[in-house]
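Next come the chains, spelled out residue by residue.
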Amino acid sequence: MLFALVAVFLFFSLVEISLRLILYVKENQEKVAFNKDRNSLFKAIPDDYLGYTMNPESSVPGYIEINSFGYRSKEVTLKKPENTYRIVTLGGSSTAGYEVWPGFNYPAILEHLLNNNPPFANMNYEVINGGVGGYTSIQAYRSLVRDLIRFKPDLVIWMSGWNDLIQSFNDNWNPGLLLQKKSMLSRFALYKTLKKILDRFPAIITAKEQYTTFNQEVLLHYRVNTENTIAFLKEKNIAIWLLSLPVVYGPNDPTDKQAFQIAFGNKKNDDEEVKMTLSSYEHYLNLMKDLSSENNIPLVNSGLSDGTTGKSYFFSDILHPNNSGNKVIAYNLYKHLIDRNNFYK
């Protein structure tokens with residue numbers, strides 16, 4: 001019996017070691033190129049409070065650049081330099097920069113605009129990109145409270161919501177799910193390999209999004225997280241702006257076949273997924289308008305939100321702006337800053 005147990009242990013140990021070697025080689029190959037979905041690879045660091053953070057060691061110059069603090073920004077100091085106005089942006093992959101080159105996410109472009117066309121003379125401007133792919137509103141809020149507040153921002157821009165909306169159709173949703181904490185099993189190469197195999201067969205997986213009814217509880221938690229963020233910053237006398245989520249085809253957009261195809265492929269208008277996605281975005285937008293009015297803070301139009309025409313050239317999918325789309329967002333923010341002269345209010 002003991003011999004059999006030892007044999008089994010040695011067998012699985014050998015399999016585990018072999019798979020780790022294979023994954024190590026594969027991940028290092030992917031680290032210098034885009035994978036099949038053109039998502040640049042980064043190895044997330046497990047985090048008990050945030051679920052995960054980005055790993056600075058995953059930086060690849062020219063592909064995905066992560067600074068020493070774990071953000072997709074240039075290197076900054078924790079202490080704010082003199083005569084510097086500092087902006088922190090919060091959100092998920094649309095903020096971090098999905099399928100865009102380093103320097104082409106909207107925070108980086110906004111910083112470039114501010115420093116090349118400064119609203120005030122003798123002032124330097126820093127925009128720290130606090131967006132992390134996959135982050136929901138609770139993660140964005142917690143990231144601000146624990147980490148990003150240390151940079152002493154003068155203004156925080158909140159563009160979070162898509163990852164919450166995606167969760168709103170998950171039948172297995174619960175508030176803890178939003179932290180996306182990894183299973184202990186995810187440390188094992190054998191588990192990772194089996195999961196990749198099973199993911200190729202959606203029928204086997206039971207925890208997929210179910211497009212049935214909109215979960216109002218998700219929206220309630222989104223409101224609470226956004227309100228907590230607003231209250232936290234107001235208490236510290238730090239300005240906050242809400243930035244409307246970009247969407248290639250929104251519920252009130254004019255008919256645009258190309259934009260619709262980017263968003264939904266070959267689906268039809270009456271498809272359940274299409275109707276629920278558009279409905280969820282409308283719920284979100286109405287909530288953002290309420291939060292803006294209730295708290296007397298700006299809701300800035302990203303320039304690529306609902307009710308805008310000609311957006312198909314600015315997106316890689318339904319929610320992710322491409323390089324040109326990020327320029328649109330940055331310019332709209334810059335214009336808002338200039339028009340309202342709102343830096344110190």
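Numbers given to residues run from 1 along each chain, matching the order in which its sequence is written. Restriction of local features to residues with pLDDT of at least 70 applies here, the model being predicted, together with a cutoff of 80 or more for giving and counting side-chain atom pairs; totals for whole chains, interfaces and linings are based on all residues. Each side-chain value is derived from all of the structure's non-hydrogen atoms; neither hydrogens nor water enter the calculation.

Trainee: Would you take a moment to explain the overall build of the protein for this structure?
Mentor: The helix and strand labels rest on DSSP assignments: H or I over at least four residues marks a helix, E over at least two residues marks a strand, and numbering proceeds from the N terminus. Regarding its fold elements, the protein presents 10 helices and 7 strands. Taken over 345 residues, the protein has a buried fraction of 46%. In what follows, a contact means two residues having at least one pair of non-hydrogen atoms within 4.5 Å. Partitioning the intrachain contacts of the protein with sequence separation of at least 6 by distance along the chain shows that 75% fall at a separation of at least 24. Exposure was quantified through the Shrake-Rupley algorithm and a 1.4 Å probe, taking into account, for residues, occlusion by the shown protein chains and nothing else. A total accessible area of about 17900 Å² is found for the protein, and carbon and sulfur atoms account for 56% of it. Three exposure classes are used, based on accessible area relative to the maximum for each residue type with a 1.4 Å probe and protein chains only: buried under 20%, partly exposed in between, and exposed over 50%.

Trainee: Can you help me understand the pattern of salt bridges in this one?
Mentor: Opposite charge on two side chains lets them pair, provided their charged atoms get close. In the sections that follow, a salt bridge refers to a side-chain nitrogen of Lys or Arg positioned within 4 Å of a carboxyl oxygen of Asp or Glu. Tallied over the full model, the rule gives 10 salt bridges. With its nearest N and O atoms 2.9 Å apart, the salt bridge here joins Asp-147 to Arg-146. According to the relative accessible area criterion, Asp-147 is buried, its value standing at 12%. Overall, Arg-146 belongs to the partly exposed group, its relative accessible area being 33%. Note that Glu-273 is salt-bridged to Lys-267, the shortest N-O span being 3.5 Å.

Trainee: How should the sheet that holds strand S3 (residues 84-91) be read in this particular structure?
Mentor: Adjacent strands of a sheet pair through backbone hydrogen bonds, lying either parallel or antiparallel. On the basis of which strands lie adjacent, the open sheet formed by 5 strands has the order S4-S3-S5-S6-S7 and parallel pairing. Each of the sheet's edge strands pairs with one partner strand only, and the pair in question is strand S4 (124-129) and strand S7 (299-300). Between N-to-C directions, angles span 0 to 180 degrees; the directions come from axes that are lines fitted to C-alpha atoms, helices contributing only their stretch in contact. Its contacts with the sheet place helix H3 (residues 106-116) against S3, S4, strand S5 (155-159) and strand S6 (239-243), and it is angled at close to 180° to S4. DSSP calls a pair of strands paired once it identifies at least 2 bridges connecting them.

Trainee: Honestly, the packing of helix H4 (residues 137-146) against helix H7 (residues 216-235) in this entry has me stumped. Any pointers?
Mentor: Any two packed helices are characterised by how steeply their axes cross, that is the angle between the axes, and by the distance between the axes. H7 packs onto H4 with a crossing angle of 20° between their chain directions and a minimal axis gap of 9 Å. When the axes of H4 and H7 are compared, the pair comes out roughly parallel. Relative to H7, H4 is oriented so that their crossing is left-handed. For the pair formed by H4 and H7, the contact residues are Ser-137, Ile-138, Tyr-141, Leu-144 and Val-145 on the first element and His-221, Tyr-222, Asn-225, Asn-228, Thr-229, Phe-232 and Leu-233 on the second. All residues other than Ala, Val, Leu, Ile, Met, Phe, Trp, Tyr, Cys, Pro, Asp, Glu, Lys and Arg, Gly among them, are scored as polar; the first ten of these are nonpolar and the last four charged. Here the contact of H4 with H7 is composed, by residue class, of 7 nonpolar, 5 polar and no charged. Should an angle fall under 35 degrees it is called roughly parallel, over 145 degrees roughly antiparallel, and 65 to 115 degrees roughly perpendicular, with every other angle called oblique. Crossing handedness is read from the near helix: turned anticlockwise from the far helix by less than a right angle, it gives a left-handed crossing, and turned clockwise, a right-handed one.

Trainee: Even after reading the chapter, I still don't get the side chain of Asn-295, so can you show me in this structure?
Mentor: Residue placement: Asn-295 occurs in helix H9 (residues 272-295). Ignoring sequence-local partners within four residues, the contact set of Asn-295 consists of Ile-230 and Lys-234.

Trainee: I tried to follow the packing of H7 against H9 on my own but got confused; where do I start?
Mentor: Contact geometry for H7 and H9: axes closest at 11 Å, N-to-C directions at 30°. The angle between H7 and H9 falls in the class roughly parallel. The two elements H7 and H9 cross, and the hand of that crossing is right-handed. Of H9, the residues touching H7 (which contributes Gln-216, Leu-219, Tyr-222, Arg-223, Thr-226, Glu-227, Ile-230 and Lys-234) are His-283, Tyr-284, Leu-287, Met-288, Asp-290, Leu-291, Glu-294 and Asn-295.

Trainee: Is there a simple way to think about the side chain of Arg-86 in this case?
Mentor: By the secondary structure assignment, Arg-86 is in strand S3. With relative accessibility at 0%, the residue Arg-86 sits in the buried group. A distance of 2.7 Å separates a polar atom in the side chain of Arg-86 from the backbone oxygen of Thr-77. Under this definition, polar contacts are N or O atom pairs within 3.5 Å; protein pairs additionally need one hydrogen-donor-capable and one acceptor-capable atom, and for neighbouring residues in sequence, both atoms have to be side-chain atoms. Among the polar contacts made by the side chain of Arg-86, one reaches the main-chain carbonyl oxygen of Phe-151 at a distance of 2.8 Å.

Trainee: Sorry if this is basic, but what is going on with the packing of aromatic side chains here?
Mentor: In this description, a pair of aromatic rings is defined by centroid distance and the angle of the planes. The pairing test for Phe, Tyr and Trp rings, Trp by its six-membered ring, is centres within 6.5 Å, and the orientation test on the planes gives stacked under 30 degrees, edge-to-face over 60, and tilted for anything in between. The tally for this structure, following the rule as stated, stands at 10 aromatic pairs. A ring pair is formed by Phe-69 and Phe-151, whose centres lie 5.0 Å apart and whose planes are at 80°; its orientation type is edge-to-face. Taken together, the residues span a long stretch of sequence, with Phe-69 in the loop between strand S2 (51-53) and S3 and Phe-151 in the loop between H4 and S5 at a distance of 82 residues. Since its relative accessible area comes to 0%, Phe-151 is described here as buried.

Trainee: Help me out: how do you make sense of the pairing of S4 in this one?
Mentor: Sheet faces and side chains relate simply in a regular strand, where the side chains alternate between the two faces. Most of S4 is tucked away: 5 of the 6 residues are buried. Bridge analysis of S3 against S4 gives 6 bridges, and the strand direction is parallel. For Thr-89, the partnering residue across the bridge sits in S4 and is Asn-129.

Trainee: Explain H9 to me, please; I cannot follow it from the model alone.
Mentor: Since the α-helix turns once every 3.6 residues, residues separated by three or four places project in the same direction. In this analysis, the expected span of each helix is defined as 1.5 Å times one less than the number of residues it contains. For H9, spanning 24 residues, the distance from its first C-alpha to its last is 34 Å, which sits close to the expected 34 Å at 1.5 Å a residue. Where H9 ends, the next residue or the one after it, Asn-296, has phi of about 55°, a positive value.

Trainee: In this structure, what is going on with the environment of Asp-147? I would like to understand it.
Mentor: As for its position among the elements, Asp-147 is in the loop between H4 and S5. Residues Asp-147 and Phe-69, spaced 78 residues apart in sequence, show a C-alpha to C-alpha distance of 9.1 Å. Asp-147 has contacts with Leu-50, Tyr-71 and Arg-142, leaving out every residue within four places of it along the chain.

Trainee: What exactly am I supposed to notice about the confidence of the model for the protein here?
Mentor: Reading fine detail from the predicted coordinates is not recommended where pLDDT is low. For every residue, the predictor states its confidence as a pLDDT score lying anywhere from 0 to 100. Taken over all residues, the pLDDT of the protein has a mean of 82, while the share at 70 or more is 74%. Mean pLDDT across the elements of the protein bottoms out in helix H6 (residues 189-198) (60) and peaks in S5 (98). Note on residues 29-41: pLDDT is under 50 here. Beyond four places in sequence and across chains, it has 24 contacts. Contacts of residues 201-211 to residues separated by more than four positions or lying in other chains number 18 contacts, the stretch itself having pLDDT below 50.

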